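# Residue-level structure breakdown
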Amino acid sequence: MPTTSPNPGYVPRAASRRRRPVLPTRARTDLSQLATRLTPRDVWLIEMLYEHKVLTSHHITALAFTGHRTANRRLRELYFMGVLDSFRPLRQRGSAPEHYTLGRAGAELLAARAGTELAATGWRKDTCARIAFSPTLDHTLGVNTLLIQLATAGGLTEWLSERSATRLWGDWIRPDAYAHHTTAGHQLLPFFLEYDTGSYNLARVEAKLPGYAALASTTGTRTPLLIHTATARREAALRHRIAESAERLELPIATGNTQLAEPASAAWLPLGPAPAERLTPAQLAAHWTGLIPALTPDAALSSPGRPTALPWHPVPPQPPTPGN
């Protein structure tokens with residue numbers, strides 16, 4: 001549930017942007033040379049940025065590197081290759097990490113791998129600036145941060161962005177994310193995520209619930225909805241507002257908030273006959289019975305999309321291991 005702040009306070013690197021080396025013999029990146037310089041981890045990162053729009057250097061380090069120095073060195077190299085673009089938000093105090101988006105060469109690589117044209121990726125010269133100035137940037141970063149915290153804690157095996165989730169289930173719902181969390185005992189917790197910043201009134205949040213019920217009824221699935229709020233007060237008001245609707249629609253819903261523990265720990269409180277304490281994602285998987293994930297191989301293969309768009313497939317939330 002994105003914020004609608006008209007001025008997010010983010011400034012792309014225009015005057016202060018790091019200049020790429022000028023290559024007088026060519027105007028565009030030579031993809032054949034990139035093929036000898038990009039690792040499987042680099043290609044995975046390109047796909048992640050295409051899927052999730054923007055990741056900070058902290059996000060990328062947590063997911064794919066052992067330290068910030070190594071990560072920043074490689075990200076800088078990818079930036080100068082044109083594979084990535086970047087901007088740094090303006091903050092009143094301290095400095096923000098570098099924020100990375102997909103660069104032209106990265107988009108061209110995706111198009112080449114799919115056997116299509118650059119236009120199919122949706123990449124534009126102003127993609128980085130559009131993301132930097134977007135009023136929903138804080139919301140996008142909040143969603144990505146929450147899912148990355150789950151991924152780095154272990155067990156996150158699928159992670160779809162809002163765009164991919166809408167592509168699959170947009171006739172019913174528009175969640176902020178969809179994911180699979182697998183416990184150490186191989187128990188699956190599929191879930192939709194609504195990331196509530198408090199910019200919508202509670203009636204608008206409640207109005208989303210019939211869509212989730214309609215999806216479950218139409219597809220024969222039972223996938224929990226996790227709603228993450230900005231404050232404990234907002235969470236309490238939300239639970240009071242949606243409790244009756246959730247019970248009537250028989251929806252498995254749990255809530256959490258930013259002021260409590262991180263999402264990978266005991267941060268989630270189910271609606272209905274609630275347990276005495278908040279639960280971890282692994283405990284949520286055991287709390288609800290008869291869960292059926294909305295994402296199946298058939299659903300992924302039957303994704304409609306636009307005829308001109310890139311062929312879609314889920315991007316693993318973790319990079320490939322060396323040798324794979």
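The shown structure was predicted, so the numbers you read here are calculated from the model rather than taken from an experiment. (Residues numbered from 1 in each chain as written. Predicted model: local features only at pLDDT ≥ 70, side-chain atom pairs only at ≥ 80, totals over all residues. Heavy atoms only, no water.)

### Some words on the confidence of the model for the protein
Spelled out, the test is: Along the chain, pLDDT gives the predictor's confidence residue by residue, from 0 to 100. Any two residues whose heavy atoms approach within 4.5 Å at even a single point are treated as in contact.
Per-chain confidence: the protein averages 89 in pLDDT, with 88% of residues scoring 70 or above. Across residues 3–8, where pLDDT falls below 50, the model places 12 contacts with residues more than four positions away in sequence or in other chains. Within the model, pLDDT remains below 50 along residues 23–27, and this stretch shows one contact once partners closer than five positions in the same chain are excluded.

### A few points about the packing of helix α2 (residues 40–52) against helix α3 (residues 57–64)
Packed helices, taken two at a time, are described by the angle between their axes plus the distance between the axes. Where we set the bar: With axes taken as lines fitted to C-alpha atoms, and helix axes fitted only over the stretch in contact, angles between N-to-C directions fall between 0 and 180 degrees. Helix numbering and strand numbering both begin at the N terminus, where a helix is a DSSP run of H or I of at least 4 residues and a strand a DSSP run of E of at least 2. Angles are sorted into four bins: roughly parallel if under 35 degrees, roughly antiparallel if over 145, roughly perpendicular if 65 to 115, and oblique for all others. The hand of a helix crossing depends on one turn: near helix anticlockwise from the far one by less than a right angle means left-handed, and clockwise means right-handed. In the scheme used here, Gly and all other residues not listed as nonpolar or charged are polar, with Ala, Val, Leu, Ile, Met, Phe, Trp, Tyr, Cys and Pro taken as nonpolar and Asp, Glu, Lys and Arg as charged.
Following both chains from N to C, one finds α2 and α3 inclined at 130 degrees, their axes separated by 12 Å at the closest point. The orientation of α2 with respect to α3, classified from their angle, is oblique. With respect to the hand of their crossing, α2 and α3 are arranged in right-handed fashion. Residues R41, W44, L45 and M48 of α2 pack against I60, L63 and A64 of α3. Across the contact of α2 with α3, the residue classes tally to six nonpolar, no polar and one charged.

### Structural notes on the sheet that holds strand β4 (residues 156–161)
The strands making up a sheet associate through hydrogen bonds between their backbones, and the pairing can be parallel or antiparallel. Which entries qualify depends on this criterion: Should DSSP find at least two bridges between two strands, the strands are regarded as paired.
Here we have six strands laid out as an open sheet, ordered β4-β5-β6-β7-β8-β9, and mixed in their pairing. Two strands lie at the open edges of the sheet, namely β4 and β9 (269–270), each paired on one side alone. Sheet analysis places β4 next to strand β5 (residues 177–182), joined by five bridges and oriented antiparallel. For S161, the partnering residue across the bridge sits in β5 and is A177. Packing of helix α10 (residues 209–219) onto the sheet brings it into contact with β6 (188–195), β7 (225–229) and β8 (253–257), and relative to β6 it is tilted by some 150 degrees. Across the sheet, helix α11 (residues 232–249) touches β7, β8 and β9, and the angle it forms with β8 is around 170 degrees.

### Quick notes on the sheet that holds strand β1 (residues 55–56)
An order of β1-β3-β2 is seen for the three strands of this open sheet, with the pairing classed as antiparallel. The open sheet has two edge strands with one neighbour each: β1 and β2 (84–87). Looking at chain direction, β2 and strand β3 (residues 99–102) are connected through four bridges and run antiparallel. Bridge assignment links D85 to a residue of β3, and that residue is T101.

### With respect to helix α4 (residues 68–81)
Definition in use: Multiplying 1.5 Å by the helix residue count minus one yields the expected span of that helix. Note on exposure labels: buried denotes an accessible area under 20% of the residue type's maximum, exposed denotes more than 50%, and partly exposed covers the range between, all computed with a 1.4 Å probe on protein chains only. Directions from the helix axis toward the C-beta atoms define the arc.
The terminal C-alpha atoms of α4, which comprises 14 residues, lie 20 Å apart, in line with the 20 Å expected from a rise of 1.5 Å per residue. Within α4, burial applies to A71, R74, L75, L78, Y79 and M81. Each buried residue of α4 lies within a common arc of 160 degrees when the element is viewed along its axis, so the set occupies one face. Tucked into the core, α4 has its buried residues touching α1 (31–34), α2, α3, β2, β3 and α5 (104–114). The first or second residue beyond α4 is G82, which carries a positive phi of 85 degrees.

### A look at the side chain of T56
Heads up, the rule is: Any N or O atom pair separated by 3.5 Å or less is treated as a polar contact, with the protein-specific requirement of one donor-capable and one acceptor-capable atom, and with residues adjacent in sequence counted only for side-chain atom pairs.
Tracing the chain through its elements places T56 in strand β1. Assessed through its relative accessible area of 7%, T56 is described here as buried. A polar atom in the side chain of T56 sits 3.0 Å from the backbone nitrogen of H59. Once residues lying within four places of it in the same chain are set aside, the contact partners of T56 are P97, E98, H99 and L141.

### Thoughts on the layout of surface pockets
Inclusion rule: Here a cavity denotes grid points, spaced 1 Å and computed from the protein atoms alone, that fit a 1.4 Å probe unable to get out, and a pocket denotes an open set having protein on both sides within 12 Å along at least 5 of 7 lines; residues with an atom within 4 Å of a point are the lining. Grid points are joined across faces, edges and corners, and a volume is the space filled by probe spheres set on the points.
The calculated volume of the largest pocket comes to roughly 830 Å³. Around the largest pocket sit 36 residues that line it, and Y50, E51, S161, R163 and S164 are the ones nearest its centre. Secondary structure elements with two or more residues in the lining of the largest pocket: α2, α5, α7 (137–153), β4 and α8 (162–169). Considering each element in turn, the lining of the largest pocket owes the most residues, five residues, to α8. Of the residues in the lining of the largest pocket, the class split is 14 nonpolar, 12 polar and 10 charged.

### A look at empty space enclosed by the protein
If you walk through the whole model with that rule in mind, you get one cavity of 30 Å³ or more. Looking at the largest cavity, the residues that line it are F192, Y212, L215, A216, T221 and T223.

### A short note on the packing of aromatic side chains
The description of an aromatic ring pair rests on the distance of the ring centres and on the angle between the ring planes. The cut-off we apply is this: When the centres of two rings from Phe, Tyr and Trp lie within 6.5 Å, Trp using its six-membered ring, the rings pair. Their planes under 30 degrees apart give stacked, over 60 give edge-to-face, and anything left gives tilted.
If you walk through the whole model with that rule in mind, you get five aromatic pairs. For the ring pair W169 and F192, a centre distance of 5.3 Å and an interplane angle of 90 degrees mean the geometry is edge-to-face. One end of the pair, W169, is in helix α8; the other, F192, is in strand β6, and 23 residues separate them in sequence. By relative accessible area, which is 2% here, F192 ends up buried.

### Some points on the pairing of β6
Across the eight residues that make up β6, a large majority, seven, are buried. Bridge analysis of β5 against β6 gives six bridges, and the strand direction is antiparallel. When the bridges of β6 are listed, Y178 appears paired with F192. Counting the residues in the hairpin turn of β5 and β6 gives five residues, including H186, whose phi is positive at 65 degrees.

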